[in-house]
Amino acid sequence: MKKYSYWNYVKTGGWQVVINFFHNKKTYCCNHHSTPIFTSTWRPAENGYYIKQWYWQQNGKIKTWYAVQDFSTYNKTIDTCFPEWFPNEIPQHQWFYESPFISSRGRYSMKDWGKLDGNIDDIPTTFYNCAEHLFEHDSINNPHIMFGYNGSLGAEDNITKDMEDLNPPHPPLNLEYIVNQFKLRYNVVPYKEDIESLVEGFLRGVVGDSHWKKGEDYFVSECVRKLKNHKKTYRLITRMLEYHGIPYVPFNLDRDNYEDFFELDSWLPMDKCIRDHDNTLDNHMPLKRQNKLPQLIDRVLCLM
């Protein structure tokens, strides 16, 4: 089987790939896209269970931790990766944020435990030494981290500027090894054509309450700002890959089929995977605001 790198960015189907690799009992690696920098990996065990392993850098040294998770059915995988929300509607964690340690805010979140509590180094140095272990996995999400970039790719200004300048803030010392490993992988770069559905996805799951509290105009303008970064991202990724001589294939999320790009034995119903993720698991929009969704979509589209 090929080894893949899925060059996902905001709202480009990363979860849909992951859930089907789990469904097929494949190994997977997901880098956290921003700071704090850490990685989670999964390897299948017996009876539908997976062994999850975390990697992070603390006081200049690579640290790891393990957990066993039940992925024996679709629903159990969902329950593990997207546990019930607290009454105040703050999620305990999503699958790539999960921490084995509770933070000072009372959440099992690597963002809280690693960044707010200061348990993960701000500047990665030795972290990249775990690359050899990460490349063993069948597929990798958020691979830009391994080139020294960090940030919410496809939404935020800083990483867009770094990618435009081909100037990662934390370039790894073993970059040549990393580049050569990516040349051996099947690199898939997704992009969206259906702008209206992309806008809806951003309104539901990228901008949220912190933006809405500053008013509807601010909420809409922030959505537009992030979408303008998103519009640039496909070309920035492919240009960076071309700069390093890394081959890639484009993947049109609206017209192409996942089954044609990933060699898996069986597939979950993709419509259901997308609908569950976008409408429930990664939908942060309160019902009252959802009633205004058509008008908000129109406002954003007029400013694009």
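Calculation rules
- Residues numbered from 1 in each chain as written.
- Predicted model: local features only at pLDDT ≥ 70, side-chain atom pairs only at ≥ 80, totals over all residues.
- Heavy atoms only, no water.
- Buried < 20%, exposed > 50% of the residue type's maximum accessible area, 1.4 Å probe, protein only.
- Helix = DSSP H or I, 4+ residues; strand = E, 2+ residues; numbered from the N terminus.
- Pairing = 2+ DSSP bridges.
- Patch = residues over 30% accessible without salt bridge, like charges linked within 9 Å, V, L, I, M, F, W, Y side chains within 5 Å.
- Areas by Shrake-Rupley, 256 points an atom, 1.4 Å probe, with all protein chains shown as cover.
- Salt bridge = Lys/Arg side-chain N within 4 Å of Asp/Glu carboxyl O.
- Axes fitted to C-alpha atoms, helices over the stretch in contact; angles between N-to-C directions.
- Contact = heavy atoms within 4.5 Å.
- Core = buried A, V, L, I, M, F, W, Y, C linked by side-chain atoms within 4.5 Å.
- Arc of directions from axis to C-beta.

K.L.:
In this structure, what is going on with the pairing of strand β2 (residues 28-31)? I would like to understand it.
P.N.:
For a regular strand, side-chain orientation follows a simple rule: the groups alternate between the two sheet faces. Neither face of β2 is open: one carries Y28 and C30, the other C29 and N31, and all of them are buried. For β2 and strand β3 (residues 38-44), the ladder comprises four bridges, and the chain directions are antiparallel. Note that in β3 the partner of Y28 across the bridge is W42. Alignment of β2 against strand β6 (residues 139-141), held across three bridges, turns out to be parallel. What sits directly across from Y28, in β6, is S139.

K.L.:
Explain a nonpolar patch on the surface here, please?
P.N.:
On the surface, a nonpolar cluster with roughly 400 Å² of combined accessible area is contributed by Y49, I51, Y66 and V68. When residues of the nonpolar patch are traced back to their parent elements, those giving at least two are β4 (49-58) and β5 (61-70).

K.L.:
Would you explain the sheet that holds strand β8 (residues 249-252) in this entry?
P.N.:
Either a parallel or an antiparallel arrangement is found when strands of a sheet pair, and the pairing is made through backbone hydrogen bonds. In spatial order, the strands read β5-β4-β3-β2-β6-β1-β7-β8; together these eight strands make up an open sheet with mixed pairing. At either end of the open sheet lies a strand with only one pairing partner, and these are β5 and β8. Strand after strand, the sheet turns through a mean of 20° between neighbouring axes, direction not considered. Seen against the sheet, helix α1 (residues 14-23) touches β1 (4-6), β2, β3, β4 and β6 and runs at an angle of roughly 150° to β2.

K.L.:
How do you make sense of the nonpolar core when you look at a structure like this?
P.N.:
The nonpolar side chains of a soluble globular protein tend to be buried with one another. Formed by 32 residues in total, the largest nonpolar core has its most connected members in Y6, W15, Y28, W42, W95, Y258 and F262. When contributions to this core are tallied by element, the ones reaching two or more residues are β1, α1, β2, α2 (74-81) and α10 (270-281). Apart from the residues lying within four places of it in its own chain, the contact partners of W95 are W15, V18, C30, W42, K52, C81, F82 and N141. I37, Y149, M163 and V189 belong to the second-largest nonpolar core, a separate cluster that totals 28 residues.

K.L.:
Looking at this model, I keep getting lost on helix α5 (residues 157-164). Mind explaining?
P.N.:
In an α-helix, one turn spans 3.6 residues, which is why side chains three or four residues apart end up on the same side. For α5, the set of buried residues is I159, T160, D162 and M163. Along the axis of α5, the buried residues cluster in a sector spanning 165°; they form a single face. On its buried face, α5 sits against α9 (216-243). One or two residues past the end of α5 sits L166, with phi positive at roughly 50°.

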